[in-house]
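Residue strings, one per chain:
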Amino acid sequence: MAKRFEYSEDIAYPVERVHATLTDQVFWRHRFEEAPEKLTLDESGGPGTLTATMRDSISASSLPGLVRKVVSGELKVERADEWGPLDGNRADGRIRGNSTGIPVRIECASVLRGSGEGSVLEVIGSVEVKIPLVGGQIESLIKKLVRDMVGQDRDAVEKWLGDS
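Conventions and cut-offs
Residues numbered from 1 in each chain as written. Predicted model: local features only at pLDDT ≥ 70, side-chain atom pairs only at ≥ 80, totals over all residues. Heavy atoms only, no water. Core = buried A, V, L, I, M, F, W, Y, C linked by side-chain atoms within 4.5 Å. Buried < 20%, exposed > 50% of the residue type's maximum accessible area, 1.4 Å probe, protein only. Helix = DSSP H or I, 4+ residues; strand = E, 2+ residues; numbered from the N terminus. Contact = heavy atoms within 4.5 Å. Phe/Tyr/Trp six-rings, centres within 6.5 Å; stacked < 30°, edge-to-face > 60°. Pairing = 2+ DSSP bridges. Axes fitted to C-alpha atoms, helices over the stretch in contact; angles between N-to-C directions. Parallel < 35°, antiparallel > 145°, perpendicular 65-115°, else oblique. Nonpolar A, V, L, I, M, F, W, Y, C, P; charged D, E, K, R; others polar. Salt bridge = Lys/Arg side-chain N within 4 Å of Asp/Glu carboxyl O.

Visitor: Break down the nonpolar core for me, citing the residues and quoting the values.
Guide: In terms of nonpolar packing, the biggest core is built from 40 residues, with Phe5, Val18, Trp28, Ile102, Ile106, Ile142 and Val146 touching the most fellow members. Here this core gets eight residues from one element, more than from any other, and that element is helix 4 (residues 135–163). Once you skip the residues sitting within four places of it in the chain, Trp28 turns out to touch Thr21, Leu22, Leu39, Leu41, Leu50, Ala52, Met54 and Asp81.

Here it is, written out as structure tokens:
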């Protein structure tokens with residue numbers, strides 16, 4: 001059974017600047033400059049939109065013990081962030097994730113909205129791991145990874161905007 005989660009992060013910059021960053025190919029290329037082959041960018045959704053798809057391989061030896069028990073070899077993971085256009089003070093997005101090696105599915109709705117002088121990024125979603133007996137424990141680990149990912153995204157946006 002899928003585990004639901006909800007996270008939010010305050011971002012110290014106006015929603016217009018944060019959205020412009022999240023839909024800027026230069027920002028994403030900079031984030032993946034050491035491994036550009038792991039990133040695909042797509043603006044086919046129209047002006048002010050972007051889908052950034054990240055792919056990576058993770059050695060089983062670097063995974064938590066619980067996960068290593070059910071994975072042999074490399075784990076290939078994919079994450080896709082989609083952002084729609086800014087509509088007034090809000091932009092809607094979506095985050096999807098999956099992997100080979102473990103039957104994982106992550107589905108999230110994301111909202112970026114203005115809040116005072118800054119912005120708030122809200123992520124509401126679920127993670128499902130279809131493995132008998134240990135799937136629920138792995139889902140809990142992945143929920144924490146998603147939480148960490150949202151925080152890392154906030155940090156990357158704030159650093160990018162602070163440096164520009």
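Visitor: Please set out the packing of aromatic side chains residue by residue, giving values where relevant.
Guide: All told, the structure shown has three aromatic pairs when counted by the stated rule. Relative to Tyr7, the ring of Phe5 has its centre 5.2 Å away and its plane inclined at 20°; by these criteria the two rings are stacked. On the accessibility criterion, Tyr7 (14% relative accessible area) is buried. Centroid distance Phe27 to Trp28: 5.4 Å. Interplanar angle 75°. Geometry classified as edge-to-face. In textbook terms, an aromatic cluster arises when at least three aromatic residues are bridged by ring pairs, as seen for Phe27, Trp28 and Trp160.

Visitor: Lay out the sheet that holds strand 7 (residues 118–129) in plain terms, naming residues and giving numbers.
Guide: The strand order 1-7-6-5-4-3-2 describes an open sheet built from seven strands, whose pairing is antiparallel. In this open sheet, the two edge strands, each paired with only one partner strand, are strand 1 (3–11) and strand 2 (39–42). Along the sheet, successive strands turn relative to each other by an average axial angle of 15°, direction set aside. The pairing of strand 3 (residues 50–59) with strand 4 (residues 74–83) spans ten bridges and is antiparallel. Opposite Thr53, over in strand 4, you have Ala80 as the bridge partner. Packing against the sheet, helix 1 (residues 15–22) makes contact with strand 1, strand 3, strand 4, strand 5 (90–100), strand 6 (104–115) and strand 7, and its axis sits at approximately 145° to strand 6. The strands that helix 4 touches are strand 1, strand 4, strand 5, strand 6 and strand 7; relative to strand 1, the one it contacts most, it runs at about 15°.

Visitor: Break down the packing of helix 1 against helix 4 for me, with residues and values.
Guide: Across the interface, helix 1 lies against helix 4 with an axial gap of 10 Å and an inter-helix angle of 105°. It follows from the interaxial angle that helix 1 and helix 4 lie roughly perpendicular. Two secondary-structure elements touch here, helix 1 through Arg17, Val18, Thr21 and Leu22 and helix 4 through Val157, Trp160 and Leu161. In terms of residue class, the contact of helix 1 with helix 4 is built from five nonpolar, one polar and one charged.

Visitor: Report on the pattern of salt bridges, specifying residues and quantitative values.
Guide: Inspection of every chain in the model, using the stated rule, returns 17 salt bridges. Glu78 is the salt-bridge partner of Arg55, the closest N and O atoms lying 3.0 Å from each other. Here the residue Arg55 occupies a position in strand 3, and Glu78 occupies one in strand 4, the gap between them amounting to 23 residues. For Glu78, a relative accessible area of 26% corresponds to the partly exposed category. With a shortest N-O distance of 2.8 Å, Asp92 and Arg90 are connected by a salt bridge. What makes Asp92 partly exposed here is its relative accessible area of 40%. One network of salt bridges, with partners in common, ties together Glu9, Arg147, Arg154 and Asp155.

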